[in-house]
Amino acid sequence: MEVPRLDRALNSPTSPCEEVIKNLSLEAIQLCDRDGNKSQDSGIAEMEELPVPHNIKISNITCDSFKISWEMDSKSKDRITHYFIDLNKKENKNSNKFKHKDVPTKLVAKAVPLPMTVRGHWFLSPRTEYTVAVQTASKQVDGDYVVSEWSEIIEFCTADYSKVHLTQLLEKAEVIAGRMLKFSVFYRNQHKEYFDYIREHHGNAMQPSVKDNSGSHGSPISGKLEGIFFSCSTEFNTGKPPQDSPYGRYRFEIAAEKLFNPNTNLYFGDFYCMYTAYHYVILVLAPVGSPGDEFCKQRLPQLNSKDNKFLTCTEEDGVLVYHHAQDVILEVIYTDPVDLSLGTVAEITGHQLMSLSTANAKKDPSCKTCNISVGR
């Protein structure tokens, strides 16, 4: 998508009835900083008295848009032709000081009725804190601008992916899921100390914990959903779980029907990769009516347990039969506690492949296979 240049942005027509800012400029130029200092070649005239925006309000926040409004004194209000919006990511005190800083975004819009919508995935990311300030401006006949002082600085945070965005991810994941393979157990690898701790301190029951921040930055389950991670992938030649794992040499195995049955709802949670050729799909299994089920019902697309591209539970001759997608790595989150007595714990014979761990792994924002046209 072509980003409009400043001169085109200022001169292109905009319907006064439209709320959406269609004329945005992302040029890395200094129109006027928040202290009122102008660059010598900015083409902005000496400041005359224009109303300064105040009482700024941000509303209708999504992962890649927001509405903004403010109040202004009526004096000289009719002279306003444009708004300058200074949008910046909020500085992170823990960020790497050697990392290249984000270029501040100066948005230019014709003066339209408030509130107006600012939308753009090329400069807004989900679940990200921003600061915003506003100027009013009046374009002169010679092309220069008279501008007001900057408003106060307001902070806000963009939202997570909505169900609409997750459905887009779901559809992209379906394309590469591949054929379905039969499996019979879910399994979870950990260190021996983990299982010892569960027996001693949690009465033999593995407890749900908050999901880490791995995967898509806009995923609504990261840092919020509580659950227990399981795998179900099998080796093509044996039909059994692989003997290698990045998470520990001890494995808990449980019959698939204990976690996935007609009393369980299945949800799509995420689709991502970590700068690798293979991709991960996160699914959520939640017992019907449980707190995890209520959380997912509001935020995630629900899948048909009998008919989807990733994980199915069907009945054949009175027996539940399970299949998983071959060409993606499934990470299954179960939202309720699981007692160790429902399965077995044993040491695996393979290696602990730490390079395959997805703990807090960041998604590759450049991958065309698993990204959608909103903030990453």
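Residues numbered from 1 in each chain as written. Predicted model: local features only at pLDDT ≥ 70, side-chain atom pairs only at ≥ 80, totals over all residues. Heavy atoms only, no water.

J.: Please provide a residue-by-residue account of the side chain of Ser65, values included.
T.: Among the secondary structure elements, Ser65 is positioned in strand S2 (residues 65–71). Within the structure, Ser65 has its side chain in polar contact with the side chain of Thr62 (distance 2.6 Å). Non-local contacts of Ser65, meaning those with residues more than four positions away in its chain, are made with Asn60, Thr117, Val118, Arg119 and Leu124. (Helix = DSSP H or I, 4+ residues; strand = E, 2+ residues; numbered from the N terminus. Polar contact = N/O pair within 3.5 Å; in protein donor to acceptor, adjacent residues only side chain to side chain. Contact = heavy atoms within 4.5 Å.)

J.: Mind laying out the nonpolar core, listing which residues take part and the relevant values?
T.: Formed by 57 residues in total, the largest nonpolar core has its most connected members in Phe186, Met206, Phe230, Phe268, Phe310 and Leu311. Looking at this core, the element that brings in the most residues is strand S16 (residues 280–287), giving seven residues. Among residues more than four places away in sequence, those in contact with Phe186 are Phe230, Ser231, Cys232, Phe252, Glu253, Ile254, Ala256, Leu259, Phe260, Leu285, Leu311 and Val332. Among the nonpolar cores identified, the runner-up in size contains 21 residues, and Tyr83, Leu87, Tyr130 and Val146 belong to it. (Core = buried A, V, L, I, M, F, W, Y, C linked by side-chain atoms within 4.5 Å. Buried < 20%, exposed > 50% of the residue type's maximum accessible area, 1.4 Å probe, protein only.)

J.: Any details on the sheet that holds strand S18 (residues 311–316)? Residues and values, ideally.
T.: Strands in a sheet are paired, the pairing made by backbone hydrogen bonds, and the direction either parallel or antiparallel. The three strands are arranged S9-S19-S18 in an open sheet whose pairing can be described as antiparallel. At either end of the open sheet lies a strand with only one pairing partner, and these are strand S9 (180–183) and S18. Neighbour-to-neighbour, the strand axes of this sheet turn through a mean angle of 35 degrees, independent of strand direction. Here S9 pairs with strand S19 (residues 319–325) via four bridges, running antiparallel. Looking at the pairing, Phe183 lines up with Tyr322 of S19. (Pairing = 2+ DSSP bridges. Axes fitted to C-alpha atoms, helices over the stretch in contact; angles between N-to-C directions.)

J.: Explain helix H5 (residues 291–299) to me, and be specific about the residues and the numbers.
T.: Listed in full, the buried residues belonging to H5 are Gly292, Asp293, Phe295 and Cys296. For H5, the buried positions fall inside an angular range of 160 degrees around the axis, keeping them on one side. Exposed residues on H5 whose side chains face more than 90 degrees from its buried face are Pro291 and Gln298. Buried residues in H5 make contact with strand S15 (264–272) and S16. (Arc of directions from axis to C-beta.)

J.: Account for the pattern of salt bridges, with residues named and values stated.
T.: Inspection of the entire model under this criterion finds 10 salt bridges. One salt bridge connects Lys224 with Asp160, and the closest N-O pair in it is separated by 2.7 Å. Residue Lys224 is located in the loop between strand S12 (209–210) and strand S13 (226–230), and its partner Asp160 is located in the loop between strand S8 (154–157) and helix H2 (163–176); the two are separated by 64 residues in the primary sequence. Residue Lys224 is classed as partly exposed on the basis of its relative accessible area of 42%. One salt bridge in this structure joins Asp212 and Lys211, with 3.5 Å as the shortest N-O distance. When its relative accessible area of 22% is taken as the criterion, Asp212 is described as partly exposed. Judged by relative accessible area, Lys211 falls into the buried class, the value being 4%. Each of the salt bridges in this network shares a partner with another, and the network as a whole consists of Arg127, Asp160 and Lys224. (Salt bridge = Lys/Arg side-chain N within 4 Å of Asp/Glu carboxyl O.)

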